[in-house]
Every structure is written in structure tokens, then in C-alpha cells.
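Take a look at the letters that make up each chain.
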Amino acid sequence: MTRVLCLHGLGGTGATMWPIVAACSDANFTTLAPTLPGHGTDPADLVGMTWIEWLEAARSWDAEVVVGQSMGANLAMQLAVEKKCRAVVCINPVAPDPDAIDGLLWRIRRGQEWVEVVPSTVGEIAYERLPIGSVLAMAEGVASIDLSAIDQPLLLVTSANDEVVDPASADGLADALGGDVQRLRLRKSGHVATLDGERHLLQKAVVDFVNANDGHTHNG
């Protein structure tokens, strides 16, 4: 039975991925959507958390396919680099951005500690503020991923109304990836597409993608 790991974004919880879990379970896939370290409790619990700690949590459950939302998509790509899965679904991943890293470091040097987050419009259980250090940890982790080393099939999902990640950045990611890249563009969705109005379209696309890649040899 195909094992599918679903990873949420920075500040979210496993509940962000529940619609994907439901669709995958209905398709008879064994599916897990963990809440990553520092999440689902109090924003202060993210202070000092590192990219490696989130990655270790993602590595702890073997899966053939990894589905990630936002930072979870980037963690999924790193698992693909490590050949720990045979296919990946990336929903609105964060693009590498050296300028963003510089900006975060500038703010930290000036004593700033928190980033305020706009409350979710789609009912996501998520923090409404984040430690700048955790945003920096994510940005540096994203920058460390060798995209050209990903040769597994990858479904790249982009929301036209993404208020967090520039939808245009997906084109650069697609060009940098080393394997077969399929694209799904959601015309009416925002950043947390798993919970937005086109979630049923996304659910079907994920299930179809997992089924289409069910016959590949597991590399991990």
C-alpha cells in the first residue's frame, strides 16, 4: 500500500493537510500528516527551532510520496534530494531568496524578534505571529536545497492569489528542478490551497499523481 507523507507550512499544523489526507485515505493510501516540532502549541515554542529539526521529523516516517504545503513542500524537496521518496507534490513552495535572508538578518541585528501574520481566511489552525529566527531558519533551509538533484516526478502546484509566495517564483523553481515537472495552476486559491475553494481539484490532482507514480521503483 502506497505511503503518503503530508507536511504543513511554517506556523501551521497537520490539520492544514487533512483534506489531502482524506482524499488519500479514500484512495487506500496509508497517509500521515504530522505536526512539526514547535507547532500547534504556542508561537514561543518555535524559538530556537531549526530546519534540521523539522527535516528530522519529516525523515522519521518512510513514504513513497511526500506532499508538502509551503515550507512543507520545501522539506519534501529535500527528502527527494536524499532519495527518500519516489515522487513529490509541492503546493506553493517557498522560493530561494537571498534578499529575504539579508532582510531578516538586518531585522534581527536591530533587535526585532517577531513577525506578525495575517489571520487565516480559510480556517487554518496557525500561529498569528512567528519568531523572526524561525522564518530565517526556514529561508536558509530553503536556500540549501540542491534543486537540480531532484530527478523524481514532481507536481508543482501554484495558487494565482497566493498572498505569501509570489506565484511567478514557481517558474524559476520548475526550471531549476532536475526531473519531470508537472504543473497545476489554481486560478482562485490563496497560499493555503489545501483548505481553499479549489481544494477538491487539488485533492483529485494529488490522488491521480500518486496513482500515476505507483509503479516506480522506490529509491529510498
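(A) Structural view of the overall build of the chain. If you tally the helices and strands in the chain, you get 7 helices and 8 strands. Based on the C-alpha atoms only, the size of the chain along its principal axes is roughly 50 × 35 × 30 Å. Here the chain, with 220 residues, has 52% of them falling under the buried criterion. For the chain, the accessible area works out to roughly 9,800 Å², and carbon and sulfur atoms hold 51% of it.

(B) Representation of the pattern of salt bridges within the structure. In the structure shown here, the tally under the stated rule is 5 salt bridges. The shortest N-O distance in the salt bridge between E56 and R59 comes to 2.8 Å. Of this pair, E56 and R59 both sit in helix α2 (residues 51-59), 3 residues apart, which is roughly one turn of the helix. The exposure class assigned to R59 is partly exposed, which follows from its relative accessible area of 25%. What you see here is one network of salt bridges that share partners, running through E56, R59 and E82.

(C) Geometry of the sheet that holds strand β7 (residues 154-159). Overall, parallel pairing links the 6 strands, which are arranged β2-β1-β3-β4-β7-β8 in an open sheet. Only two strands of the sheet have a single partner each, and these edge strands are β2 (30-32) and β8 (181-186). Sheet twist, expressed as the mean angle between neighbouring strand axes with direction ignored, is 15°. Each of β1 (3-7), β3 (65-69), β4 (87-91) and β7 is contacted by helix α3 (residues 71-81), which is oriented at about 150° to β3, the strand it contacts most.

(D) Geometry of the packing of aromatic side chains. Enumeration over the complete set of coordinates arrives at 0 aromatic pairs. Above the face of the W61 ring, R3 is positioned so that its terminal group lies 4.1 Å from the ring centre. Seen from the ring of W114, R129 lies directly overhead, with NZ or CZ sitting 3.8 Å from the centre.

(E) Expanded view of the side chain of T16. Secondary-structure assignment places T16 in the loop between β1 and α1 (18-26). The class for T16 is buried, based on a relative accessible area of 0%. A polar contact is formed between the side chain of T16 and the side chain of E124, at a distance of 2.7 Å.

(F) Layout of the pairing of β7. Buried residues dominate β7, accounting for 6 of its 6 residues. Where β4 meets β7, 4 bridges bridge the pair, whose relative direction is parallel. Residue pairing across strands places C90 opposite L156, the latter belonging to β7. A crossover connection joins β7 to the parallel β8 through helix α6 (residues 169-176); in handedness this β-α-β unit is right-handed.

Conventions and cut-offs
Residues numbered from 1 in each chain as written. Predicted model: local features only at pLDDT ≥ 70, side-chain atom pairs only at ≥ 80, totals over all residues. Heavy atoms only, no water. Helix = DSSP H or I, 4+ residues; strand = E, 2+ residues; numbered from the N terminus. Buried < 20%, exposed > 50% of the residue type's maximum accessible area, 1.4 Å probe, protein only. Areas by Shrake-Rupley, 256 points an atom, 1.4 Å probe, with all protein chains shown as cover. Salt bridge = Lys/Arg side-chain N within 4 Å of Asp/Glu carboxyl O. Pairing = 2+ DSSP bridges. Axes fitted to C-alpha atoms, helices over the stretch in contact; angles between N-to-C directions. Contact = heavy atoms within 4.5 Å. Phe/Tyr/Trp six-rings, centres within 6.5 Å; stacked < 30°, edge-to-face > 60°. Lys NZ or Arg CZ within 6 Å of the ring centre and 35° of its normal. Polar contact = N/O pair within 3.5 Å; in protein donor to acceptor, adjacent residues only side chain to side chain. Right-handed = clockwise from strand over helix to strand, strands pointing away.

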